[in-house]
Amino acid sequence: MRTPQTLRGERAALQEMTDTLAAQGKELQAANQDLDAFARTAAHDLRNPLGNIRGAAEVLRRQTEKGCTDSYGRGLDIIERSAARAEELIAVLLDFARAGRAPLRRAAVDLSALASRIGEELLGREPGRPVELTVTPGLVVEADPALLAVALTNLLGNALKYSAKADPPRVELGTLSPTEPSGPRVFFVRDNGAGFDMLFADRLFTPFARLHSARDFPGTGVGLSTVARIVERH
């Protein structure tokens, strides 16, 4: 006959198994969504630059056969731009995959120092650009340092990109006071840039779903979805 203590132990073990299965099911669902997004990108976004490369190479081949050299420069420009675009897409897809697969290695991370370093690196790519970058000092979190760096790079990079037309651009990393003494701390990255239409807020973290024209704000549409995966895993 099972005692009350035995029954409690069995219930606890059953609950643990249920929680484990639920977590695994959630990870499987996320993996399937990632795979679907990757398939769409491989079929569409990568096809464009690779098609441009193929077309430009064909033009150069024909011009070579005719002995013409006028279009060499234009063709080479197309090849270089398209190859760079394909490389960029492959790099962000690899980051996206790592965000969902890499094992978490939690440690104390100086969020303020990390954000300041990443901000300086990003601004260093555009020397002379007047940007007011403010980082609240003394912010420390328990997180995976490598994945947190990827998340901050995407968040700060987005903030700098979408505030490009502001005068002057302002980007800030800070924290909100918890609503309850034991409540969670909330960290934010905000800017005074273009923003987005709240009607499409549900698409904000969807891979490859862009809320702005690529002509106005170039990018891959993967950055915020990578951030969301990293935050969800933590």
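Everything discussed here concerns the structure shown above.
Analysis parameters
- Each chain has its residues counted from 1, following the order in which its sequence is written.
- Side-chain atom pairs in this predicted model are given and counted only at pLDDT of 80 or more, local residue features only at pLDDT of at least 70, and totals for whole chains, interfaces and linings cover all residues.
- For the side-chain quantities, the full set of heavy atoms in the structure was used; hydrogens and water were omitted.
- Elements are defined by DSSP. Helices are runs of H or I of four residues or more, strands are runs of E of two residues or more, and each kind is numbered from the N terminus.
- We call a residue buried when its accessible area falls under 20% of the maximum for its residue type, exposed when it is over 50%, and partly exposed in between, using a 1.4 Å probe and counting protein chains only.
- Residue contacts are counted whenever heavy atoms from the two residues lie within 4.5 Å of one another.
- When DSSP finds at least two bridges between two strands, those strands are taken to pair.
- Between N-to-C directions, angles span 0 to 180 degrees; the directions come from axes that are lines fitted to C-alpha atoms, helices contributing only their stretch in contact.
- Take the far helix as your reference; a near helix turned counterclockwise from it by less than a right angle gives a left-handed crossing, and one turned clockwise gives a right-handed crossing.
- Charged means Asp, Glu, Lys or Arg here, nonpolar means Ala, Val, Leu, Ile, Met, Phe, Trp, Tyr, Cys or Pro, and polar covers whatever is left, Gly included.
- The salt bridge definition used is simple: a Lys or Arg side-chain nitrogen within 4 Å of an Asp or Glu carboxyl oxygen.
- Orientation is classified from the angle alone, with under 35 degrees giving roughly parallel, over 145 giving roughly antiparallel, 65 to 115 giving roughly perpendicular, and any other angle giving oblique.
- What we call a nonpolar core is a set of buried Ala, Val, Leu, Ile, Met, Phe, Trp, Tyr and Cys residues that are connected through their side-chain atoms within 4.5 Å.
- The span one expects for a helix is its residue count, reduced by one, times 1.5 Å.

**Q** Would you mind going over the overall build of the chain with me for this structure?
**A** When helices and strands are tallied, the chain shows 6 helices and 5 strands. Along its sequence from the N terminus, the chain presents helices and strands in the succession α-α-α-β-α-β-β-α-β-β-α. Taken across its 234 residues, the chain has 29% of its residues classed as buried. Summarising the internal contacts of the chain: among those between residues at least 6 apart in sequence, 69% fall at separations of at least 24.

**Q** Is there a simple way to explain the pairing of strand 3 (residues 140-143) in this structure?
**A** In the case of a regular strand, side chains alternate between the two sheet surfaces. Side chains Val 141 and Ala 143 of strand 3 all project onto a buried face; the interleaved residues Val 140 and Glu 142 project onto a face where none is buried. Here 4 bridges tie strand 1 (residues 107-110) to strand 3, and the two strands are oriented antiparallel to one another. Bridge pairing in strand 3 links Ala 108 to Glu 142.

**Q** Please clarify how the environment of Ile 230 should be interpreted in this entry.
**A** Topologically, Ile 230 is positioned in helix 6 (residues 223-233). Between the C-alpha atoms of Ile 230 and Val 150, which are 80 residues apart in sequence, the distance is 8.6 Å.

**Q** Where do I start with the sheet that holds strand 5 (residues 186-191) in this structure?
**A** Pairing between the strands of a sheet is mediated by backbone hydrogen bonds and can be parallel or antiparallel. Sheet architecture is open: 3 strands sit in the order 2-4-5, paired in mixed fashion. Since the sheet does not close on itself, it has two edges, and those belong to strand 2 (132-135) and strand 5, each with one partner. Sheet twist, expressed as the mean angle between neighbouring strand axes with direction ignored, is 15°. Where strand 2 lies against strand 4 (residues 170-176), 4 bridges are found, and the strand directions are parallel.

**Q** Help me understand the packing of helix 5 (residues 145-162) against helix 6 in this model?
**A** A pair of packed helices is characterised by two quantities: the angle between their axes and the separation of those axes. At a closest axis distance of 9 Å, the pairing of helix 5 and helix 6 adopts a crossing angle of 145°. The handedness of the crossing between helix 5 and helix 6 is left-handed. For the pair formed by helix 5 and helix 6, the contact residues are Leu 147, Val 150, Ala 151, Asn 154, Leu 155 and Asn 158 on the first element and Gly 223, Leu 224, Thr 226, Val 227, Ile 230 and Arg 233 on the second. For the contact of helix 5 with helix 6, a count of residues per class yields 7 nonpolar, 4 polar and 1 charged.

**Q** What's the story with the pattern of salt bridges in this structure? I'm lost.
**A** Opposite charge on two side chains permits them to pair, given that their charged atoms come into close proximity. If you walk through the whole model with that rule in mind, you get 3 salt bridges. Residues Glu 121 and Arg 117 are paired through a salt bridge, measuring 3.0 Å at the closest nitrogen-oxygen approach. With Glu 121 and Arg 117 both in helix 4 (residues 111-124) and 4 residues apart, the pair spans about one turn of that helix. A residue is classified by how much of its surface remains accessible, and Glu 121, at 42% relative accessible area, is partly exposed. By relative accessible area, which is 40% here, Arg 117 ends up partly exposed. A salt bridge links Glu 172 to Arg 190, with the shortest nitrogen-to-oxygen separation between them at 3.0 Å.

**Q** Sorry if this is basic, but what is going on with the packing of helix 4 against helix 5 here?
**A** For the pair helix 4 and helix 5, interaxial distance at closest approach is 9 Å and the crossing angle is 50°. On the basis of their axis angle, the class for helix 4 and helix 5 is oblique. Once helix 4 is placed against helix 5, the crossing between them reads as right-handed. Within the contact between the two elements, helix 4 uses Leu 111, Leu 114, Ala 115, Ile 118, Gly 119, Leu 122 and Leu 123 and helix 5 uses Pro 145, Leu 148, Ala 149, Leu 152, Thr 153, Leu 156, Gly 157 and Leu 160. Among the residues making up the contact of helix 4 with helix 5, the classes are represented as 12 nonpolar, 3 polar and no charged.

**Q** Got a minute to help me understand the nonpolar core in this structure?
**A** Inside soluble globular proteins, nonpolar side chains tend to come together where they are buried. Ranked by size, the top nonpolar core spans 19 residues in total, and within it Leu 111, Leu 114, Ile 118, Leu 148, Leu 152 and Leu 173 carry the most contacts. Broken down by element, this core gets its largest block of residues, 6 residues, from helix 5. Setting aside residues up to four positions removed in sequence, Leu 173 forms contacts with Leu 111, Ala 115, Thr 134, Val 135, Thr 136, Leu 139, Leu 152, Phe 188 and Val 189.

**Q** When you look at helix 5 in this model, what are you seeing that I'm missing?
**A** In an α-helix, one turn spans 3.6 residues; hence positions three or four apart end up facing the same way. If you check helix 5, its first and last C-alpha atoms are 26 Å apart, about what 18 residues at 1.5 Å a residue would give, namely 26 Å. When helix 5 is considered as a whole, its buried residues turn out to be Leu 147, Leu 148, Ala 149, Ala 151, Leu 152, Leu 156, Asn 158, Ala 159, Leu 160 and Tyr 162.

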